[in-house]
Amino acid sequence: MPKRDAIFPAGRQALYEINRYSAAIRSGDFLFVSGQVGSRVDGSPEPVFEKQVQLAFDNLAAVLKAAGCTFDDVVDVTTFHTDPATQWEAVNTVRLKAIGEQPYPNWTAVGVNWLAGFDFEIKVIARLPQST
């Protein structure tokens, strides 16, 4: 059985080492990205919610870039929110800037009561660009 093909962005090892998971796994034509949170370089949560969401998207962009992808390659999104009703406007503002034009990827938003000290998390599946 082949070993997992793990992807890590440069300089973002603290949270992955603390919790023992990969930022993303490349499998066939797809990239499966672990949930990204608004963590600082040391792995701690950004306390300001709007900044936490932006940082989560920035962290996601770094993982995508490490695999040679962009948000245009994202086909499926799942977001987790500790208080969706009050958080959605801030999330949507960042989301619309990051995701780009139609057609939009699939999107599922889930309300949760715990995210290990964070208030927002985003995970995606992206299609890897074809090499020619």
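Analysis parameters
- Residue indices begin from 1 for each chain and proceed along its sequence in written order.
- Reporting in this predicted model follows two pLDDT cut-offs: at least 70 for local features of residues, and 80 or more for side-chain atom pairs to be given and counted; totals over whole chains, interfaces and linings ignore these cut-offs and use all residues.
- As a convention, hydrogens and water are excluded, and side-chain values are obtained from all of the structure's heavy atoms.
- Helix and strand labels come from DSSP, where a helix needs a run of H or I of at least four residues and a strand needs a run of E of at least two; each type is numbered from the N terminus.
- Atoms counted for the radius of gyration: C-alpha only. Globule rule: 2.2 Å times the number of residues to the power 0.38.
- Exposure is judged per residue with a 1.4 Å probe applied to protein chains only, and the accessible area is read against the type maximum: over 50% gives exposed, under 20% gives buried, and values in between give partly exposed.
- For two strands to be treated as a pair, DSSP must find no fewer than two bridges joining them.
- The axes used here are C-alpha line fits, helices contributing only the stretch in contact, and every angle between their N-to-C directions lies in the interval 0 to 180 degrees.
- Throughout, a contact is declared for two residues whenever any of their heavy atoms are within 4.5 Å.
- For this analysis, a nonpolar core means a set of buried residues of the types Ala, Val, Leu, Ile, Met, Phe, Trp, Tyr and Cys, connected via side-chain atoms within 4.5 Å.

1. Observations regarding the overall build of the protein
Then, number 1: Assigned secondary structure in the protein consists of 3 helices and 6 strands.
Then, number 2: Helices and strands appear in the protein in the N-to-C order β-α-β-β-α-β-α-β-β.
Then, number 3: Relative to a compact globule of 132 residues, whose C-alpha radius of gyration would be 14 Å, the protein shows 14 Å and is just as compact.
Then, number 4: Summarising its shape, the C-alpha atoms of the protein cover approximately 45 × 35 × 25 Å along the three principal directions.
Then, number 5: Across the 132 residues of the protein, 39% fall into the buried class.

2. Quick look at the sheet that holds strand β2 (residues 24-27)
Then, number 1: Across the sheet, 6 strands lie side by side as β1-β2-β3-β6-β4-β5; this open sheet has mixed pairing. Lying at the two open borders of the sheet, with one neighbouring strand each, are β1 (5-7) and β5 (106-111). The average undirected angle you get between the axes of adjacent strands in this sheet is 15 degrees.
Then, number 2: Bridging between strand β4 (residues 74-81) and strand β6 (residues 120-127) involves 7 bridges; their strand directions are antiparallel. Pairing of H81 across the sheet is with F120, part of β6.
Then, number 3: This element, helix α3 (residues 84-99), spans β4, β5 and β6 of the sheet and lies at about 155 degrees to β5.

3. Considerations on unusual backbone geometry
Only a minority of non-glycine residues have a phi that is not negative, and only a minority of peptide bonds are not trans.
Then, number 1: Each neighbour pair has its own omega, and for Q102 with P103 the value is 0 degrees, a cis peptide bond.
Then, number 2: Here P103 shows up in the loop between α3 and β5.
Then, number 3: Of note, A116 is a non-glycine position whose phi angle comes to about 55 degrees, a positive value.
Then, number 4: The class for A116 is partly exposed, based on a relative accessible area of 46%.

4. Thoughts on the nonpolar core
Then, number 1: In terms of nonpolar packing, the biggest core is built from 26 residues, with L31, V33, L64, F120, I122 and V124 touching the most fellow members.
Then, number 2: Those elements that place two or more of their residues in this core are β3 (30-37), α2 (49-66), β4, α3 and β6.
Then, number 3: Here the element with the most residues in this core is α2; it accounts for 7 residues.
Then, number 4: If we skip the residues at most four places from it in the chain, V124 touches L31, F32, V33, L60, L64, V74, D76 and V77.

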